[in-house]
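# Working through the structure, step by step
Residues per chain, in single letters:
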Amino acid sequence: MATSAKKGELPRKEATVLKGHEGSVLAVRFNGNGNYCLSCGKDRTVRLWNPHRGIHIKTYKSHGREVRDVHTSPDNSKLISCGGDRQVFYWDVESGRVIRKFRGHDSEVNSVKFNEFASVVISAGYDQSVRAWDCRSHSTEPLQIIDTFTDSVMSVCLTKSEIIAGSVDGTVRTFDIRMGREMVDDLGHPVNCISMSNDGNCILASCLDSTLRLLDRSSGELLQEYKGHICKSFKMDCCLTNSDAHITGGSEDGSIYFWDLVDASVILKFRAHASVVTSVSYHPKDNCMLTSSVDGTVRMWKT
């Protein structure tokens, strides 16, 4: 286990504020190498930024309703987005063109991810389903539909052979694609976001009882719970820092929290936004993070 870092090593100084979205920003994500970021929100747009220089590069407009999630391919040439218009859009980053629209969800789509080869996209929605889409074929039908959930699916993570999804039904479900097997961990509280540790051994789940829960991925054992923040009615991201030494997440009062991974103590808390923090994204290598908020801004924090 990594030793506890000092407060000074955690990003708490505001480095840049990215303004341009009209209304709530619902998600922000670093790209694979951490040089750029994507944000999306209520104004139906996806925006590409260089957050280190505070520069807005491009706006992607095609969604008919709010955009809830966005993810970039490992080579940064493509992006996917999803939202209130029930569709998943597959974009060419440079030209800003929509290459494909994946339609099939019966309701709003909450979360999207590329697989490691950017050949398949996984989406999760309010229609209680997770769907897999083939980026390379021209078929409009999903490759696979997983519909064992009994409520909205809020968040997905992928490994080489598994799809992991968190749902308002209180479960985190792991689907082994090769074996065709499903594992269910019931947390007993609505799950609104999940993320994976960088070593791949743990899943962090944000629940609507204002608690983050860390699960051992192989056994499903509850390893730790993290509290102090407010999370009762909003979808809010959580993640581990790039060293896996700390947990970080937002709060409905605009604060950012850092917890010690092992003993779950609050190491650092600061007010980052004027309203609900919707998203946190930690840089893949540096002590640097992005946050987004209902206040309409994206902010970058450094040590």
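This is a predicted model, so every value here is computed, not measured. (Residues numbered from 1 in each chain as written. Predicted model: local features only at pLDDT ≥ 70, side-chain atom pairs only at ≥ 80, totals over all residues. Heavy atoms only, no water.)

### Remarks on the overall build of the chain
Counting its regular elements, the chain contains 0 helices and 28 strands. Computed over the C-alpha atoms, the radius of gyration of the chain is 18 Å, within 12% of the 19 Å expected from 2.2 N^0.38 for a compact globule of 303 residues. Considered along the principal axes of its C-alpha atoms, the chain spans approximately 50 × 45 × 30 Å. Counting over 303 residues, the chain shows a buried share of 58%. (Helix = DSSP H or I, 4+ residues; strand = E, 2+ residues; numbered from the N terminus. Rg over C-alpha atoms; globule rule 2.2 N^0.38 Å. Buried < 20%, exposed > 50% of the residue type's maximum accessible area, 1.4 Å probe, protein only.)

### A word on the packing of aromatic side chains
According to the stated counting rule, one finds 9 aromatic pairs in the structure shown. Summarising the aromatic geometry, the rings of Phe-270 and Trp-301 are spaced 4.9 Å apart at their centres and angled 55° between planes, so their arrangement reads as tilted. Placement of the pair is Phe-270 in strand β25 (residues 266-271) and Trp-301 in strand β28 (residues 298-302), with a sequence separation of 31 residues. Through pairs of rings, three or more aromatic residues link up here, namely Tyr-90, Phe-102, Phe-114 and Trp-133. The residue whose ring lies beneath Arg-173 is Phe-149, and the NZ or CZ to ring-centre distance is 5.1 Å. (Phe/Tyr/Trp six-rings, centres within 6.5 Å; stacked < 30°, edge-to-face > 60°. Lys NZ or Arg CZ within 6 Å of the ring centre and 35° of its normal.)

### Some words on a nonpolar patch on the surface
Among the surface-exposed residues, Tyr-36, Ile-55 and Ile-57 lie close enough to one another that they form a single nonpolar patch of about 240 Å² accessible area. Inspection of the secondary structure puts Ile-57 in strand β5 (residues 55-61). (Patch = residues over 30% accessible without salt bridge, like charges linked within 9 Å, V, L, I, M, F, W, Y side chains within 5 Å. Areas by Shrake-Rupley, 256 points an atom, 1.4 Å probe, with all protein chains shown as cover. Salt bridge = Lys/Arg side-chain N within 4 Å of Asp/Glu carboxyl O.)

### Considerations on the UniProt feature "repeat: WD" (unreviewed entry) in the chain
Here the UniProt-annotated "repeat: WD" (unreviewed entry) positions come out as residues 18-59, 60-101, 102-134 and 270-303. Here residues 60-101 is 0% helix and 57% strand, with 14 Å between the C-alpha atoms at its ends. (UniProt positions renumbered as here; feature names shortened; annotations may be inferred.)

### Some words on the pairing of strand β20 (residues 211-216)
The buried fraction of β20 is high, at 6 of 6 residues. Across the two faces of β20 the burial is the same, with Thr-211, Arg-213 and Leu-215 and Leu-212, Leu-214 and Asp-216 all buried. Counted between consecutive antiparallel strands, the loop separating strand β19 (residues 202-207) from β20 contains 3 residues, among which Ser-210 sits at a positive phi close to 55°. Across 5 bridges, the pairing between β20 and strand β21 (residues 222-227) is antiparallel. Pairing of Leu-212 across the sheet is with Tyr-226, part of β21. Once β20 ends, the chain turns through 5 residues before running back antiparallel as β21, passing Gly-220 with a positive phi of about 80°. (Pairing = 2+ DSSP bridges.)

### Let's talk about the environment of Met-154
Mapped onto the elements of the fold, Met-154 is located in strand β14 (residues 153-158). Look past the residues within four positions of Met-154 in its chain and what remains in contact with it is Asn-110, Ser-111, Tyr-126, Gly-166, Ser-167, Val-168, Val-191, Asn-192 and Lys-235. (Contact = heavy atoms within 4.5 Å.)

### Overview of unusual backbone geometry
Trans is the common state for peptide bonds, and a negative phi is the common state for residues other than glycine. Phi at Arg-44 takes a positive value of approximately 70°, unusual for a residue other than glycine. With respect to the element layout, Arg-44 can be found in the loop between β3 (37-41) and β4 (45-50). Phi angles above zero are rare outside glycine, and Gln-128 is one such case at about 70°. Among the structural elements, Gln-128 can be located in the loop between β11 (120-125) and β12 (130-134). Judged by its relative accessible area of 31%, Gln-128 is partly exposed.

### Some points on the pairing of strand β6 (residues 67-72)
Summarising burial for β6: 6 of the 6 residues are buried, a large majority. Judged from the 5 bridges that link them, β6 and strand β7 (residues 78-83) form a sheet pairing that is antiparallel. Pairing of Val-67 across the sheet is with Gly-83, part of β7. In this structure, the hairpin formed by β6 and β7 is closed by a connection of 5 residues, where Asn-76 is found at a positive phi of approximately 65°.

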